[in-house]
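Summary of structural features
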Amino acid sequence: IKANEASSYASILANTSHQDLRVYSSSSFLKIIKLAGNADTIFVLSPIGGGYAGYIAARLYKKNFVIKIDDDYAWRVATQNGGTYLMATDFQGFMKNGRAAAIHKRQVRLCERAQLVIVPSKFMAGIAEGWGIDGDKIKIIPSPINFVPSEISKEEARKKIGIPGNIIVSVG
């Protein structure tokens, strides 16, 4: 697995696979363990939920382990629970406690043990490197969007949703 090559999720998985590419999604630990035996690579989309089960399955069957990290889940939990009002970058340097500390420890541990860490942006690559993850195994693959041009004009759209004036779109 090479982190410095231009690619997509599918090409990364296909390049690590010697058999037909099969993608499975399951929240059941036992099902993940059972299905992993027939896979060449275990690709988890989060350190939360099935992420740890995916790591255990990869280790059990000696498979490649790839993880995608969209954001700092520990920071997200801390902000949602009122545990911090810090921005994500500032949160990195502060002591974490409770559930946020446990999630932080898990996401860092899984990233350390992965052969490849996929992030959607340079910002998240910097966060992961701040956790001590080797930059050589971090691959930036922006999250895809399925943009379909509208069949109605901007003015018609504004009237339809009831928003007068300028519209600002914020993504990310």
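Anyway, here's the lowdown on the structure attached to this text. Numbering of residues starts from 1 in every chain and runs along the sequence as written. Whole-chain, interface and lining totals are the exception, using all residues; otherwise, since this is a predicted model, local features are given only for residues with pLDDT of at least 70 and side-chain atom pairs are given and counted only at 80 or more. Excluded from the side-chain calculations are hydrogens and water; all other atoms, namely the structure's heavy atoms, are used.

Right, let's talk about the nonpolar core for a bit. If you look at the biggest cluster of nonpolar residues, it comprises 33 residues, and the most contacted ones within it are Phe65, Ile67, Ile69, Val117 and Trp131. Runs of E in the DSSP output that reach at least two residues are strands. Runs of H or I that reach at least four are helices, and both are numbered from the N terminus. Only helix H2 (29-36), strand E1 (41-44), helix H3 (50-61), strand E2 (64-68), helix H4 (73-80), helix H6 (98-113), strand E3 (116-119) and helix H7 (122-130) provide two or more residues apiece to this core. With five residues, the single largest contributor to this core is H6. Dropping the residues within four chain positions of it, Phe65 is found in contact with Ile42, Val44, Gly51, Gly54, Tyr55, Ala58, Leu110, Arg113, Ala114, Gln115 and Leu116. Throughout, nonpolar core names a set of buried Ala, Val, Leu, Ile, Met, Phe, Trp, Tyr and Cys residues whose side chains join them through atoms within 4.5 Å. Only protein chains enter the accessibility calculation, which uses a 1.4 Å probe. A residue is then buried if its area is under 20% of the maximum for its type, exposed if over 50%, and partly exposed in between. Throughout, a residue-residue contact means that at least one pair of heavy atoms, one from each residue, lies within 4.5 Å.

Only C-alpha atoms enter the line fits that serve as axes; for helices the fit covers just the stretch in contact. Angles between N-to-C directions range over 0 to 180 degrees. Between H2 and H3, the least distance of the axes is 9 Å, while the angle of their chain directions is 35°. By crossing handedness, the relation of H2 to H3 is classed as right-handed. On H3, the residues touching Phe29, Ile32, Ile33 and Ala36 of H2 are Gly50, Ala53, Gly54, Ile56, Ala57, Leu60 and Tyr61. Three classes are used: nonpolar for Ala, Val, Leu, Ile, Met, Phe, Trp, Tyr, Cys and Pro, charged for Asp, Glu, Lys and Arg, and polar for all others, with Gly counted as polar. Of the residues assigned to the contact of H2 with H3, the class counts are nine nonpolar, two polar and no charged. Should the near helix be turned anticlockwise from the far one by less than a right angle, the crossing is termed left-handed; should it be turned clockwise, right-handed.

A separate point is the pattern of salt bridges. Salt bridge, as used here, is a side-chain nitrogen of Lys or Arg placed within 4 Å of a carboxyl oxygen of Asp or Glu. For the coordinates displayed, the defined rule picks out two salt bridges. Between Lys68 and Asp70 there is a salt bridge; the shortest N-O distance is 2.7 Å. Given the relative accessible area of 10%, Lys68 is considered buried. The class for Asp70 is partly exposed, based on a relative accessible area of 31%. Measuring nitrogen to oxygen at the nearest pair gives 3.0 Å for the salt bridge that ties Asp71 to Arg76. On the basis of relative accessibility, which here comes to 31%, the residue Arg76 falls in the partly exposed class.

With that out of the way, let us pick up the packing of H4 against H6. Put simply, H4 and H6 touch, their axes get as near as 8 Å, and they point 165° apart. Taken together, the axes of H4 and H6 are roughly antiparallel relative to one another. The handedness of the crossing between H4 and H6 comes out as right-handed. Between H4 and H6, the contacting residues are Tyr73, Ala74, Val77 and Ala78 on the first element and Arg99, Ala100, Ile103, His104 and Gln107 on the second. Residues of the contact of H4 with H6, tallied by class, amount to six nonpolar, two polar and one charged. Oblique is the label for any angle not under 35 degrees, not over 145, and not in the 65 to 115 range, which are roughly parallel, roughly antiparallel and roughly perpendicular in turn.

Function cannot be read off these values alone, since they describe shape.
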